[in-house]
There are 8 protein chains.
Amino acid sequence: MSHSGPSPQTPVAIIMGSQSDWPTMRHAAEVLDTLGVAHEARIISAHRTPDRMADFAKAAKADGFKVIIAGAGGAAHLPGMTAAMTPLPVLGVPIQSKALSGQDSLLSIVQMPAGIPVGTLAIGRAGAVNAGLLAAAILATTDDALAERLDAWRTAQSDAIALAPVDQD
Amino acid sequence: MSHSGPSPQTPVAIIMGSQSDWPTMRHAAEVLDTLGVAHEARIISAHRTPDRMADFAKAAKADGFKVIIAGAGGAAHLPGMTAAMTPLPVLGVPIQSKALSGQDSLLSIVQMPAGIPVGTLAIGRAGAVNAGLLAAAILATTDDALAERLDAWRTAQSDAIALAPVDQD
Amino acid sequence: MSHSGPSPQTPVAIIMGSQSDWPTMRHAAEVLDTLGVAHEARIISAHRTPDRMADFAKAAKADGFKVIIAGAGGAAHLPGMTAAMTPLPVLGVPIQSKALSGQDSLLSIVQMPAGIPVGTLAIGRAGAVNAGLLAAAILATTDDALAERLDAWRTAQSDAIALAPVDQD
Amino acid sequence: MSHSGPSPQTPVAIIMGSQSDWPTMRHAAEVLDTLGVAHEARIISAHRTPDRMADFAKAAKADGFKVIIAGAGGAAHLPGMTAAMTPLPVLGVPIQSKALSGQDSLLSIVQMPAGIPVGTLAIGRAGAVNAGLLAAAILATTDDALAERLDAWRTAQSDAIALAPVDQD
Amino acid sequence: MSHSGPSPQTPVAIIMGSQSDWPTMRHAAEVLDTLGVAHEARIISAHRTPDRMADFAKAAKADGFKVIIAGAGGAAHLPGMTAAMTPLPVLGVPIQSKALSGQDSLLSIVQMPAGIPVGTLAIGRAGAVNAGLLAAAILATTDDALAERLDAWRTAQSDAIALAPVDQD
Amino acid sequence: MSHSGPSPQTPVAIIMGSQSDWPTMRHAAEVLDTLGVAHEARIISAHRTPDRMADFAKAAKADGFKVIIAGAGGAAHLPGMTAAMTPLPVLGVPIQSKALSGQDSLLSIVQMPAGIPVGTLAIGRAGAVNAGLLAAAILATTDDALAERLDAWRTAQSDAIALAPVDQD
Amino acid sequence: MSHSGPSPQTPVAIIMGSQSDWPTMRHAAEVLDTLGVAHEARIISAHRTPDRMADFAKAAKADGFKVIIAGAGGAAHLPGMTAAMTPLPVLGVPIQSKALSGQDSLLSIVQMPAGIPVGTLAIGRAGAVNAGLLAAAILATTDDALAERLDAWRTAQSDAIALAPVDQD
Amino acid sequence: MSHSGPSPQTPVAIIMGSQSDWPTMRHAAEVLDTLGVAHEARIISAHRTPDRMADFAKAAKADGFKVIIAGAGGAAHLPGMTAAMTPLPVLGVPIQSKALSGQDSLLSIVQMPAGIPVGTLAIGRAGAVNAGLLAAAILATTDDALAERLDAWRTAQSDAIALAPVDQD
């Protein structure tokens, strides 16, 4: 994962509401690393740093980003508010929250009104992994080399599934 | 209800995400009218007019508002994002949404992270009425005349409850 | 909306489980029409036409599609199964179901396991509109003319929001 | 539990989305063992091995299976998609998922559209045991010896219920 | 649909808690009619006619039934209690209830404890249709003629799916 | 707690679906002990011992019981089925289930159809305590000595509430 | 239904939060009428007439009531608060609310903490009927004539269940 | 935190249903301490000490309190009942309950009927912190020094958000 400043070579931004979201969101970073997609991770709280969010979102396209992955929990406003301020595709990852297990996060992200879309993934780690994969799939629509790496990753994933379950004691 | 510009005589702002929220939110305006509390209603969409929201929220205190009532539905970000950009008390009204009956609105408003509070009322009309009443109660803590009007309103409400139910056919 | 066969000029496929999903999914088609993005709509039932689904999904990339929008309701398997058989980005629209109002559709689409992503939008019409917009945003990352049209659409949407609500009796 | 290839003597297939489902699904295998019903367990992921799923489901009847038990979690598509590709009775077991405790698994399996049934059991271990018992009950409708063994199992189960609870410290 | 007494030629019983469930449950009867499977429908309330339920369930196998379809709503105990008193396979249909839309019916039927299985279908009409189809699939495992009729029904169903949606105004 | 056979001196029966419910249901027994109300605890599984349930329920009134407390979890049919077979008041305690935390137990018990009531208490331990208290309150309507003991218990409970919270580290 | 003042001949009080609850709660009154149990209906709002509630609850036993039926909707506090101020058995009826269909009413009534029980019935009309029946069952434990009338009512209810469903077009 | 008696210098009361709520509610006290707002914490159970609640609520305004924070869990009646008996603003904190994770607490507090408002915060610790902050914001509308401290607290909170996440192993 790259923490350097954005550049045309950094197509994916991974933003999240707090440090506590990183154990989930790092799975997006890791799958992008595996696929050779440069990315940058930042902490941006919609509620505690709204100006940082606006600055980031409004500049994201000019800064060279192509896709934004945003993770947040509870009353999760970061993905939707970022999508309100950038024309780039925004993918949302609902963080599993303490009391409601991410049901609040999910509804806060996915139930956007007509006009401002957020492509929402599953609650928690699976959603973070898949946000990375979907970002790669988006970029791969115009990047044949990446498309090949993604195909290879998917094939390897399929091949790794054993034929029969085994007892593990 | 006053639609004139804000002034020290307009302590309450009622904001909402769209015109379609007005049939709910007008109940907040009406109870404030009844209690003699000046207010101003505006449409501010967190997602479709994020700059309007930021301009409003950041200026709200200087503009003389004391309390903000914000109604929104679905992935309802307006109350929380407004609260992120003003130190004023923000009261949230979850609009009853089509598919999920306001469960999404409620969770998107109430489940705010520590640091940025939104005082949330009930889903729909009852919540709008109560947002008006709670705004009045807040102002009444330092306005004895309003406190008397609020007490009278509450007494009248109690006195209006019949002793026994009647058949209505 | 174009019902002609796929071509390099038809970057978006809109698939759905049954004719009854079309009143929802047509909103995806309409916003794509507005944005000048060619698309093709097909009925593909994961459960009743699994071979049609496999044939479509496996050929989608070679057929020139860039993004797939899939709408389904209840135990909604079409988006996820399509995503399992194509490397293209798949966007899912949960149709509002009769008994559970689309809660089943939403969970069946969004809760995909790590490895196979579906970018999920809101339940019902808003989700269909937003699937069209997100598909356009994806294509716009490498299509400046479309990016301009999308920006104009978003600006027009923002400008259309009235400043104050009005009574409508 | 038999891992050997299918045969006329192996009437029940137990399939599941991943190795991690086996600690749940083995309870189906164990009750079938107890009842003397041959079975075979395989890992088949609807999303990561869709071709393996299609190959299995389309051949299942010709391979001699009579009943299929399918367990899956989250956006659980394996039972329904298998049912789409075989005329055999399919029984679904919702695996308890991490964030939503199997509510997503349950709805993804049980809410099938008219035309393709999945007989769904309870979330988790109880559902797996009962899938085994229901498979046996289905086979027992034309197998008197098995019917006797099932009756004996049920009688023993009833007889094992103590008359009064005891403190266990 | 046959309302005559049970016989070896009546393999399926369709039972339901009240007359008000019939508009849902008749869909099970109709699909069985289409497939040429004899059946008998009875009203049996677990709560208001518990003895009728016990008499039916305990005699069902001796009366020649092979599969029992049970529909009930709210605190829906009929499927599970019937399953407690017969070794035959029992399929449960959750009726859509007034306040909770069948969520109570679904959980009351599907969440059976280990030991007594009920194969549960979807809430409402789809579940009733599928209960009929699953009963037929169970019988078809040892009835080649029925298996052929079921295959034909499934093929016709697939063939009836149009390729593209049409506007219907 | 008395495990002796029923008698006119044993007005309360506490029944439960399995030994595993006893750690919850013993709280009903304990509060009855404290209040000097004789009771008897039995394991009666609606699903695994339906005849034991019918025998108990049909004889309960003649056996001298006045109130029945029934605890069960998951698809919890014991309270409702017992109520179907006795005219005595039946109180239901939803046991906290593993996957759904007792939401299934609660709905399976409380959502009884018109005609057969179950007075339902809270999920888990609180519900068991309160079932004991409600049974005592019912008996106390015609037992002045018990009424006095119940009043004393309630007063003591109120008096035990400290005026201010304390840190406990 | 009697609206006269309480007396030893009026064992059941039916209280409710507002006139709008009466179309539900009258079903409790009607079944008590049928069973010959005197009752009195009053509107008592926990929130808008808290003193009326306290006056009623604290005097209820001395006024000769034996059982209290309380119906309320939304954040339904009437049953629990009444139970806090009387030793009499309190039965709660969750009114079906507009946005959440009575799920809020149900949880607000049933989830009482240990120490103060409310015997809760189903949401809506069924719950009101059953509250009347449960009140009668409680009184019948020491009133043989009422017990006979209740038995007759239950027998008539069972006898009224038709054996087979009929089409109604 | 001050446990001394109320005075004009103690504008905030923090009340809660039991000692077990204090680990949550102390977070309200701590943030008020940080902001230099005097407060007093008391245990008041709506159900077990209803008279204490009435005495407190009816006297709260005369005792000099300006805002009341009330925390409760399960069928949480304390915030709403307090609001019924004081004209002061009442803020509610839903305690995370054992079985339902605070979903019952939330609905019992937020779904108040029109006429009696409770400004509801998030479930658990975040809600307690935010209740303290919202109380301070209310007081700050007429206390410039407090307003400055609140602004400083908010600025410090924002400044404390790191720019990028870090691995923590």
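Keep in mind that what you see is a predicted model, and the values were worked out from it rather than measured. Each chain carries its own residue numbering, running from 1 in the direction its sequence is written. Just so you know, chain letters begin at A and ligand numbers begin at 1, following the order they were written in. Local features in this predicted model are restricted to residues whose pLDDT is 70 or higher, and side-chain atom pairs enter the listing and the counts only when it is 80 or higher, whereas totals over whole chains, interfaces and linings include all residues. With hydrogens and water stripped out, all remaining heavy atoms of the structure feed into the side-chain values.

## Some words on the overall build of chain A
The test is simple: Counting from the N terminus, the helices are DSSP H or I runs at least four residues long and the strands are E runs at least two residues long. Values of the radius of gyration come from C-alpha atoms, whereas the globule rule sets the reference at 2.2 Å times the count of residues to the power 0.38. Note on exposure labels: buried denotes an accessible area under 20% of the residue type's maximum, exposed denotes more than 50%, and partly exposed covers the range between, all computed with a 1.4 Å probe on protein chains only. A contact between two residues is defined here by any heavy atoms of the two lying within 4.5 Å.
In terms of helices and strands, chain A carries six helices and five strands. Moving toward the C terminus, one meets the helices and strands of chain A in the order β-α-β-α-β-α-β-α-β-α-α. A compact globule built from 169 residues would reach a C-alpha radius of gyration of about 15 Å, and chain A, at 16 Å, matches this within 12%. In terms of overall dimensions, chain A has C-alpha extents of about 50 × 40 × 30 Å along its principal axes. Within chain A, the proportion of its 169 residues that are buried is 67%. The contacts of chain A with a sequence gap of at least 6 include a subset with a gap of at least 24, amounting to 68%.

## Section: the relation of the copies chain B and chain G
Two chain copies, one operation linking them: a rotation about an axis together with a shift along it. Stated precisely, the cut-off is as follows: Superposing the copies works by least squares over the C-alpha atoms of residues that have pLDDT at least 70 in both of them.
Expressed as a screw transformation, the operator carrying chain B onto chain G has a rotation angle of 90 degrees and an axial translation of 0.0 Å, and the superposed copies differ by an RMSD of 0.0 Å. Interpreted geometrically, this transformation is the action of a four-fold axis.

## Structural notes on the relation of the copies chain B and chain H
Aligned on chain H, chain B shows an RMSD of 0.0 Å; the corresponding rotation is 180 degrees and the shift along the axis is 0.0 Å. These values place the two chain copies in the arrangement generated by a two-fold rotation axis. Both copies contact each other with a shared surface, as 100% of the interface residues of chain B are interface residues in chain H too.

## Concerning the arrangement of the chains
Taking C-alpha atoms only, the smallest gap left between chain A and chain G, which are not in contact, amounts to 16 Å. Of all C-alpha pairs spanning chain C and chain G, none lies closer than 13 Å, and the two are not in contact.

## Structural notes on empty space enclosed by the protein
Here is the rule we go by: A pocket here means an open set of points on a 1 Å grid, computed over the protein atoms alone, that has protein on both sides within 12 Å along at least five of seven lines. A cavity is instead a set of points where a 1.4 Å probe fits but cannot get out; residues with an atom within 4 Å of a point line either one. Grid points are joined across faces, edges and corners, and a volume is the space filled by probe spheres set on the points. Under the scheme applied here, ten amino acids are nonpolar (Ala, Val, Leu, Ile, Met, Phe, Trp, Tyr, Cys and Pro), four are charged (Asp, Glu, Lys and Arg), and all others, including Gly, are polar.
Here the structure, examined in full by the defined rule, presents twelve cavities of 30 Å³ or more. Roughly 100 Å³ of internal volume is contained in the largest cavity. Around the largest cavity, the lining comprises 14 residues; the ones closest to its centre are D:A137, D:R154, E:P87, E:L88 and E:P117. At the level of secondary structure, the elements contributing two or more residues to the lining of the largest cavity comprise α5 (125-140) and α6 (144-159) of chain D. Among the residues forming the lining of the largest cavity, the class breakdown is eleven nonpolar, two polar and one charged.

## Details of the UniProt feature "binding site: substrate" (unreviewed entry) in chain A
All names here are of chain A. Rule in force here: UniProt positions are given in the numbering used here, feature names are shortened, and annotations may be inferred rather than shown by experiment. For this analysis, a polar contact is any N or O atom pair within 3.5 Å, provided that within protein one partner can donate a hydrogen and the other can accept it, and provided that sequence-adjacent residues contribute only side-chain to side-chain pairs.
Under the UniProt annotation, the feature "binding site: substrate" (unreviewed entry) is placed at S18, D21 and R48. Positionally, D21 belongs in the loop between β1 (12-16) and α1 (22-34). Judged by relative accessible area, D21 falls into the buried class, the value being 8%. In this structure, D21 is in contact with M16, G71, A72 and I95, ignoring residues within four places of it in sequence. Here the side chain of D21 touches G17 through a polar contact of 3.1 Å, landing on its backbone nitrogen.

## Description of the interface of chain B and chain G
To keep things clear, this is the line we draw: Put simply, buried area is how much 1.4 Å-probe accessible surface two parts lose in total, over both of them, once they are put together. Salt bridge, as applied in this entry: a Lys or Arg side-chain nitrogen positioned within 4 Å of an Asp or Glu carboxyl oxygen.
If you look at the interface, chain B gives 15 residues, while chain G gives 14 residues. Of the roughly 1,400 Å² buried where chain B meets chain G, counting both sides, 52% is carbon and sulfur surface. On the chain B side of the interface with chain G, the three residues burying the most area are B:I161, B:P165 and B:D167, jointly 40% of the side's total. On the surface where chain B and chain G come into contact, there are one salt bridge. For the salt bridge of G:R26 with B:D167, the shortest nitrogen-to-oxygen distance reads 3.8 Å. Counting the contacts that link chain B with chain G gives nine residue pairs in polar contact (both at pLDDT 80 or more). For the side of chain B that touches chain G, the per-class residue count stands at seven nonpolar, six polar and two charged.

## Here's the deal with helix α4 (residues 103-110) of chain A
Because an α-helix packs 3.6 residues into every turn, residues spaced three or four apart end up facing the same way. For α4(A), the tally of buried residues reaches seven of eight residues, placing the bulk of the element in the interior. Every buried residue belonging to α4(A) is among A:D104, A:S105, A:L106, A:L107, A:S108, A:I109 and A:V110, and all of these are buried.

## Comments concerning the pattern of salt bridges
A complete count under the given rule lists 32 salt bridges over all chains for this structure. Salt-bridge contacts for A:K58 lead to B:D51; the nearest nitrogen and oxygen are separated by 2.5 Å. Of the two residues, A:K58 sits in helix α2 (residues 50-59) while B:D51 sits in helix α2 (residues 50-59), which places them in two different chains.

## As for the packing of helix α1 (residues 22-35) of chain D against α5(D)
Residue and element names in this part refer to chain D. The test is simple: Note on definitions: angles span 0 to 180 degrees between N-to-C directions of axes, and those axes are lines fitted to C-alpha atoms, for helices only across the stretch in contact. When the near helix sits turned anticlockwise from the far one by under a right angle, the crossing is termed left-handed; a clockwise turn instead gives a right-handed crossing.
Closest axis-to-axis distance for the α1/α5 pair is 7 Å, and the angle between their directions is 35 degrees. The chirality of how α1 crosses α5 is right-handed. Only R125, A128, V129, G132, L133 and A136 of α5 make contact with α1, whose side of the interface consists of T24, M25, H27, A28, V31, L32 and L35. Class assignment of the residues belonging to the contact of α1 with α5 gives a composition of nine nonpolar, three polar and one charged.

## A few points about the interface of chain B and chain H
Interfaces are often described in size by the accessible area the parts lose on coming together. At the interface, 41 residues of chain B touch 41 residues of chain H. For the chain B face of the interface with chain H, the top three residues by lost area are B:P117, B:T141 and B:R154, together amounting to 18%. Linking chain B with chain H are zero salt bridges, by the criterion used here. In this assembly, chain B and chain H are joined by 17 residue pairs in polar contact (both at pLDDT 80 or more). At the level of elements, α3 (78-84), α4 (103-110), β5 (119-120), α5 (125-140) and α6 (144-159) of chain B are the ones that each hand at least two residues to the side of chain B that touches chain H. The element contributing the most residues to the side of chain B that touches chain H is α5(B), with eight residues. For the side of chain B that touches chain H, the per-class residue count stands at 27 nonpolar, nine polar and five charged.

## Focus: the side chain of E:S108
Looking at the element boundaries, E:S108 is found in helix α4 (residues 103-110). Within polar-contact distance, the side chain of E:S108 engages the backbone oxygen of E:D104 at 2.8 Å. Here E:S108 is in contact with E:G74, E:A75, E:A76, F:A75, F:H77, F:L107 and F:S108, once residues within four sequence places are set aside.

## Notes on the UniProt feature "domain: PurE" (unreviewed entry) in chain A
Within this structure's numbering, the places UniProt gives as "domain: PurE" (unreviewed entry) are residues 10-161 of chain A. Across residues 10-161 of chain A, the secondary structure splits into 46% helix and 16% strand, with the terminal C-alpha atoms separated by 32 Å.

## Examining the pairing of strand β1 (residues 12-16) of chain B
Residue and element names in this part refer to chain B. Condition: For two strands to be treated as a pair, DSSP must find no fewer than two bridges joining them. Assignment of crossover handedness uses the view with strands pointing away from the viewer, where a clockwise path from the first strand over the helix to the second indicates a right-handed crossover.
Burial analysis of β1 places five of its five residues in the buried class, the great majority of the element. In β1, alternate side chains face the same way, and those of V12, I14 and M16 on one face and A13 and I15 on the other are all buried. As paired strands, β1 and strand β2 (residues 39-43) are joined by five bridges and run parallel to one another. Bridge assignment links V12 to a residue of β2, and that residue is H39. You can see the chain leave β1, run along helix α1 (residues 22-35) and come back into β2, and the turn it takes is right-handed. Relative to strand β3 (residues 67-72), β1 runs parallel, the two being bridged by five bridges. Looking across to β3, one finds that I15 is bridged to A70.

## So, the packing of aromatic side chains
Residue and element names in this part refer to chain C. Note the threshold: In this scheme Phe, Tyr and Trp rings, the latter by its six-membered ring, pair at centre separations within 6.5 Å, and the angle between planes marks the pair as stacked below 30 degrees, edge-to-face above 60, and tilted otherwise.
Applying the stated criterion across every chain, the model contains eight aromatic pairs over all chains. Taking the centre distance of 5.9 Å and the plane angle of 55 degrees together, the rings of F56 and F65 count as tilted. Summarising the burial analysis for this pair, F56 and F65 share the class buried.

## A word on a negative patch on the surface
Note the threshold: Exposure above 30% relative accessible area and the lack of any salt bridge qualify a residue for a patch; like charges then connect within 9 Å, and the nonpolar side chains Val, Leu, Ile, Met, Phe, Trp and Tyr within 5 Å. Working definition of accessibility: Shrake-Rupley area with a 1.4 Å probe, residue cover restricted to the visible protein chains. When charges are counted, Lys and Arg contribute as positive and Asp and Glu as negative, whereas His and the chain ends are disregarded. Throughout, a charge is located at the NZ atom of Lys, the CZ atom of Arg, the CG atom of Asp or the CD atom of Glu.
Together, B:D143, B:D144, B:E148 and B:D151 line one region of the surface with negative charge. What makes B:D143 partly exposed here is its relative accessible area of 30%.

## A word on the side chain of E:E40
Tracing the backbone through its elements, the reader meets E:E40 in strand β2 (residues 39-43). Within the local environment of E:E40, its side chain forms a polar contact with the side chain of E:R42, the two groups lying 2.5 Å apart.

## Topic: unusual backbone geometry
Although it is not a glycine, B:S101 sits at a positive phi angle of roughly 60 degrees. Looking at where B:S101 falls in the secondary structure, it is placed in the loop between β4 (90-94) and α4.

## As for helix α5 (residues 125-140) of chain G
Note the threshold: Any helix carries an expected span of 1.5 Å times its number of residues minus one.
Compared with an ideal rise of 1.5 Å per residue, which puts 16 residues at 22 Å, α5(G) spans 23 Å between its outermost C-alpha atoms and is within 8% of the ideal. Summarising burial for α5(G): 15 of the 16 residues are buried, a large majority.

## Focus on the environment of A:D33
Tracing the backbone shows A:D33 in helix α1. A:D33 sits in the partly exposed class, given a relative accessible area of 38%.

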